[in-house]
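In case you want the letters, here they are:
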Amino acid sequence: MPDTILHTRDGGDAVIDPAEVEALAAGLRGSVSLPADPGFDAARTLWNAMIDRKPGLVVHCRGAADVAAAVRFAAARRLLVSVRSGGHNIAGSAVCDGGLMIDLSPMTAVRVDPESGRVRVQPGATLGDLDRETKAYGLAVPVGINSTTGIAGLTLGGGFGWLSRKHGMTVDSLVSADVVMADGKTVIADATRNTDLFWALRGGGGNFGVVTAFEFQARPVGPEVLSGLLVHPYEAAPELLRRYRDLVADAPDDLTCWVVLRHAPPLPALPEEWHGRPVMVLALCWAGDMAQGEKAVAPLRALGTPIADLVAPHPFVGWQSAFDPLLEPGARNYWKSHDLTALSDAAIDTLLAHVDHLPGQECEVFLAHLGGAMSRVAADETAYPHRDSHFVMNVHTRWREASADAACVGWARGLFDAMTPHATGGVYVNFMPEDEADRTAGAYGPNLARLRAIKRAVDPGNLFCVNQNIAPA
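S.K.: Can you help me understand the sheet that holds strand β4 (residues 57-60) in this one?
M.R.: Adjacent strands of a sheet form backbone hydrogen bonds with each other and so pair up, either parallel or antiparallel. Pairing is mixed across the open sheet formed by four strands, whose spatial order is β3-β4-β6-β5. Looking at strand neighbours, the two that pair on one side only are β3 (31-33) and β5 (81-84), the edges of this open sheet. Within this sheet the neighbouring strands show an average axis-to-axis angle of 20°, counted without direction. The pairing of β4 with strand β6 (residues 100-103) spans four bridges and is classified as parallel.

S.K.: Would you explain helix α3 (residues 64-76) in this entry?
M.R.: Along an α-helix, a turn takes 3.6 residues, which lines up residues three or four apart on a common side. Given a rise of 1.5 Å per residue, 13 residues ought to cover 18 Å, and the 18 Å separating the end C-alpha atoms of α3 matches this to within 8%. Listing the buried residues of α3 in full gives Asp66, Val67, Ala68, Ala69, Ala70, Val71, Phe73 and Ala74. Looking one or two places after α3, you find Arg78, whose phi comes out positive at around 55°.

S.K.: How should I be thinking about unusual backbone geometry in this particular structure?
M.R.: For residues besides glycine, phi is generally negative; the peptide bonds are generally trans as well. With an omega of 20°, the peptide bond running from Gly222 to Pro223 counts as cis. Along the chain, Pro223 falls in the loop between β13 (219-220) and β14 (224-233). Of note, Arg78 is a non-glycine position whose phi angle comes to about 55°, a positive value. Inspection of the secondary structure assignment puts Arg78 in the loop between α3 and β5.

S.K.: Is there a simple way to explain the packing of aromatic side chains in this structure?
M.R.: Geometrically, a pair of aromatic rings is defined through the distance of the ring centres and the angle of the planes. According to the stated counting rule, one finds 15 aromatic pairs in the structure shown. On the basis of an interplanar angle of 50° and a centroid distance of 4.7 Å, the ring pair of Phe160 and Tyr428 is categorised as tilted. Placement of the pair is Phe160 in the loop between α5 (151-157) and α6 (164-167) and Tyr428 in the loop between α12 (405-419) and α13 (440-444), with a sequence separation of 268 residues. For Phe160, a relative accessible area of 5% translates into the label buried. Ring geometry for Phe366 against Phe431: centres 6.0 Å apart, planes inclined by 80°, an arrangement best described as edge-to-face. Placement of Phe366 in strand β20 (residues 364-369) and of Phe431 in the loop between α12 and α13 is noted, with a sequence separation of 65 residues between them. Grouping residues by exposure puts Phe366 and Phe431 together as buried. Grouped by ring-pair contacts, the aromatic residues Trp47, Phe160, Trp162, Trp258, Trp319, Phe323, Trp335, Phe366, Tyr384, Tyr428 and Phe431 constitute a single cluster. Sitting over the face of the ring of Phe73, Arg77 holds its NZ or CZ atom 3.8 Å from the ring centroid. Positioned over the ring face of Phe198 is Arg202, at 4.1 Å from the centre of the ring.

Rules used in this analysis
Residues numbered from 1 in each chain as written. Predicted model: local features only at pLDDT ≥ 70, side-chain atom pairs only at ≥ 80, totals over all residues. Heavy atoms only, no water. Pairing = 2+ DSSP bridges. Helix = DSSP H or I, 4+ residues; strand = E, 2+ residues; numbered from the N terminus. Axes fitted to C-alpha atoms, helices over the stretch in contact; angles between N-to-C directions. Expected span 1.5 Å × (residues − 1). Buried < 20%, exposed > 50% of the residue type's maximum accessible area, 1.4 Å probe, protein only. Phe/Tyr/Trp six-rings, centres within 6.5 Å; stacked < 30°, edge-to-face > 60°. Lys NZ or Arg CZ within 6 Å of the ring centre and 35° of its normal.

Nothing here speaks to function; it is geometry throughout.
Take a look at the structure:
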């Protein structure tokens, strides 16, 4: 076997002798793979098909000891390191070019303690893995809305979805984490141990170590929720968005309602003549008593004349995966995102002026309805600071051919720029594409200085830098 050449963090190269690779592999429960090995390309392939990076060496980990060995191997040689869990991040930070990739995807165990409601989750698990285990006990953790998303990246960036107005963000349910630090040592971070690290992990991304286990406090949910879609003609959007804004301003915490603006997908429940035509969709979830939910969602169902009303009781775990068919891997994706404290008339008009010209059938804009319990946490209580955002706007362009890159990316940037005067300047770190390194300050706002100080204390050499990076102070 020839020498392996790996990139270092300072831009140089390290020559790795075959014996070093063999010694690393011999000490693992998992395995290593090189570019010529079977399975290497599958390991580096991510959800976003725009990302096509090739690491020089992959360590496939089966436990915390494997992770620690990989970190020590990389730290001793100053290697460029990336960490893959679910591989769903829009920026593709799971994979580095020419460096060492720590692959956590084999670590998918989920264990629920039904008496305490505590759930221990390994970092390779997806939201679907977590939901399927907790549903057996009538429990859930507030996570995102796509079941193939990895729990690790979602949590470390903050995490929000259908249950966040009722139970807070994903990080608000995190009670502890096992973490491999930059020196290869493993620590536990919680409310009494390594408290600065625990604070930073709740929204600070993958900057501070490799989490090998998350422990969450789950909540009673369902097993059914009142959920579904209200699909309207796009022509009604100017009026309906204003009425929607006013209705959700006083919504109870049990109710979450997001807006999606796009071309209608070919869903069997939609009249065929509407397939491919522009629509405004209200996607809602009521996570409380069903009878109360029927009353709470009635004003939303009374808006306009919908093409389809698909709101009904559904198993929560099914609703969590309802959008999976529209978000399968293999497409090219580019996002631009803003935080909004309000949805003004001017913001609505600006948004719709651009949505009038969607660049493709799979492109969309969604407005995530926030507030509720997640807004009652102080901005400095966790690393995630944007507790006053009532909406997150995500411009999600999605297409298949590289020839459409310029048109789709250009349209997303144009809409983003036009909406900037209506936004807070903040951004959800998990929605930042790879070309937005300059928005890190906006992502962390007043918490950035403390995050940089913690980074200096736990990773002064910036080993964990292939991410939305927080440089050591």
